[in-house]
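Below are the chains, spelled out letter by letter.
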Amino acid sequence: MNKVKVAPSILSADFGKMAEAVANIKEWGADWVHCDVMDGVYVPNITFGMPMVKALRGYTDMFLDVHLMITEPEKHVGAFCDSGADMVTFHPDASKNPQLAIDIIKSKGKLCGVVLNADQPFEIIEPYLDKVDMVLIMTVQAGFGGQSFMAERLDMVKRVKDIKDKMGYKYLIQLDGGISPSNVQLCKEAGMEIAVAGNSVFKANNPTVSVQSMQIEIG
Ligand code: DX5
Ligand code: ZN
């Protein structure tokens, strides 16, 4: 039986102890490491870039899921692939040439995703659905960790899942923002396969229990 994969976001970790954070993510039994890259332009916040991904690659064999919240991602996706990312996901509206970004990521032999922000219509991602390995649907406005989950986006998740089933598309469906053991069931029922989780893992009393309680079976 397939289970929801949990991808803890290191945005919620201690930035002075990132190597320890990725070691902990593995110990807690999570599936992927989610890396939130913000440039202070596409979103107001600034986090880290490819040197961090490269450094983490030296400390972990886990799947590095890189979420780019940057302008003109096509200029940088290649470098993120070369730094050791396994999946590179970008916001198509931030790009002057989303197809080029997809082509570069694929040419590097990596998986590619597109993101739909919490205030955006379906049409933003529609042209890329037959070309990508993952669709990330934000359940908070991209930019900061620790925000409240927007349940009203679950209709969009269902729409993306319905189209996947109807058209036979292969993309995974990932949700990001405010995901926790309390809403994971609803998210899964809507179509979520990968749960990004920042605060609900890193700030949990028992991160292992939190991770396990989100790794629910996909029927
Ligand atoms: C928000 C980031 C998320 C965030 C998730 O822009 O993309 O990955 O860190 O953190 P929580 O789970 O705390 O909302
Ligand atoms: Zn993210």
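Note that the coordinates shown come from a computational prediction; the quantities given were computed from them, not determined experimentally.

**Q** Residue-level account of the environment of Thr-71, with values.
**A** The residue Thr-71 is located in the loop between strand S3 (63-69) and helix H3 (77-82) in this model. Judged by its relative accessible area of 31%, Thr-71 is partly exposed. Sequence-wise, Thr-71 and Phe-122 are 51 residues apart; in three dimensions their C-alpha atoms are separated by 20 Å. Aside from chain neighbours lying at most four places away, what touches Thr-71 is Asp-39, Val-41, Tyr-42, His-76 and Ala-94.

**Q** Requested: an account of the pairing of strand S8 (residues 194-197), with residues and values cited.
**A** Of the two faces of S8, the one carrying Ile-194 and Val-196 and the one carrying Ala-195 and Ala-197 are both buried. Bridge count between strand S1 (residues 5-8) and S8: four bridges; the pairing is parallel. Within S8, the position partnered with Pro-8 by the bridge is Ala-197. Where strand S7 (residues 172-176) lies against S8, three bridges are found, and the strand directions are parallel. Each bridged residue has a counterpart across the sheet, and for Leu-175 the counterpart in S8 is Ala-195.

**Q** Any details on the packing of aromatic side chains? Residues and values, ideally.
**A** Within this structure, the stated rule accounts for four aromatic pairs. A centroid spacing of 5.2 Å and a plane angle of 75° characterise the contact between Trp-28 and Phe-202, whose relative ring orientation is edge-to-face. Remark: Phe-202 occurs in helix H7 (residues 199-202) and Trp-28 occurs in the loop between helix H1 (18-27) and strand S2 (32-38); sequence separation between them is 174 residues. Residues Trp-28 and Phe-202 agree in their burial class; the two are buried. Aromatic pair Tyr-169 and Tyr-171: ring centres 6.0 Å apart, planes at 40°, arrangement tilted. Classification of Tyr-171 by relative accessible area gives buried; the value is 0%.

**Q** Before we move on, can you summarise the coordination of the zinc ion (ligand 2) with the specific residues and values?
**A** On the protein side, the zinc ion (ligand 2) has His-34 (NE2), Asp-36 (OD), His-67 (ND1) and Asp-176 (OD) as donor atoms, found 2.1 to 2.3 Å from it. Around the zinc ion (ligand 2) sit six donor atoms, and with donor-metal-donor angles ranging over 69 to 169° the site reads as octahedral. In primary-sequence terms, the residues that donate to the zinc ion (ligand 2) follow H-x1-D-x30-H-x108-D. Of this pair, His-67 sits in strand S3 while Asp-176 is found in strand S7, placing the two residues 109 residues apart along the sequence. Residues His-67 and Asp-176 agree in their burial class; the two are buried.

**Q** I'd like a description of the layout of surface pockets, backed by residues and values.
**A** In this model, the largest pocket occupies a volume close to 250 Å³. If you trace the largest pocket, you find 25 residues lining it, with Gly-145, Gly-146, Asp-176, Gly-177 and Gly-178 closest to the centre. For the lining of the largest pocket, the secondary-structure elements that each account for two or more residues are S2, S3, S8 and H7. Its residues assigned to classes, the lining of the largest pocket shows 10 nonpolar, 13 polar and two charged.

**Q** Give me the lowdown on the sheet that holds S2, citing residues and values where you can.
**A** The eight strands lie next to each other as S1-S8-S7-S6-S5-S4-S3-S2, forming an open sheet whose pairing is parallel. Across the chains shown, the open sheet's two edge strands, defined by having one partner strand only, are S1 and S2. Averaged over all adjacent pairs, the angle separating strand axes in this sheet is 25°, with direction ignored. Pairing between S2 and S3: seven bridges, direction parallel. Looking across to S3, one finds that Asp-36 is bridged to His-67. Relative to the sheet, helix H4 (residues 98-107) contacts strand S4 (87-90) and strand S5 (111-116), its axis offset from that of S4 by approximately 175°. Contacts from helix H5 (residues 154-167) reach S5, strand S6 (134-138) and S7, with the element oriented near 170° to S7.

Thresholds, definitions, all that
- Residues numbered from 1 in each chain as written.
- Chains lettered and ligands numbered in written order.
- Predicted model: local features only at pLDDT ≥ 70, side-chain atom pairs only at ≥ 80, totals over all residues.
- Heavy atoms only, no water.
- Helix = DSSP H or I, 4+ residues; strand = E, 2+ residues; numbered from the N terminus.
- Buried < 20%, exposed > 50% of the residue type's maximum accessible area, 1.4 Å probe, protein only.
- Contact = heavy atoms within 4.5 Å.
- Pairing = 2+ DSSP bridges.
- Phe/Tyr/Trp six-rings, centres within 6.5 Å; stacked < 30°, edge-to-face > 60°.
- Donors = N, O, S within 2.8 Å, 3.2 Å for Na, K, Ca; no water.
- Tetrahedral: all angles 85-135°; square planar, octahedral: opposite > 155°, others 65-115°.
- 1 Å grid on protein atoms, 1.4 Å probe; cavity = no way out; pocket = protein on both sides within 12 Å on 5 of 7 lines; lining within 4 Å.
- Points joined across faces, edges and corners; volume = space filled by probe spheres on them.
- Nonpolar A, V, L, I, M, F, W, Y, C, P; charged D, E, K, R; others polar.
- Axes fitted to C-alpha atoms, helices over the stretch in contact; angles between N-to-C directions.

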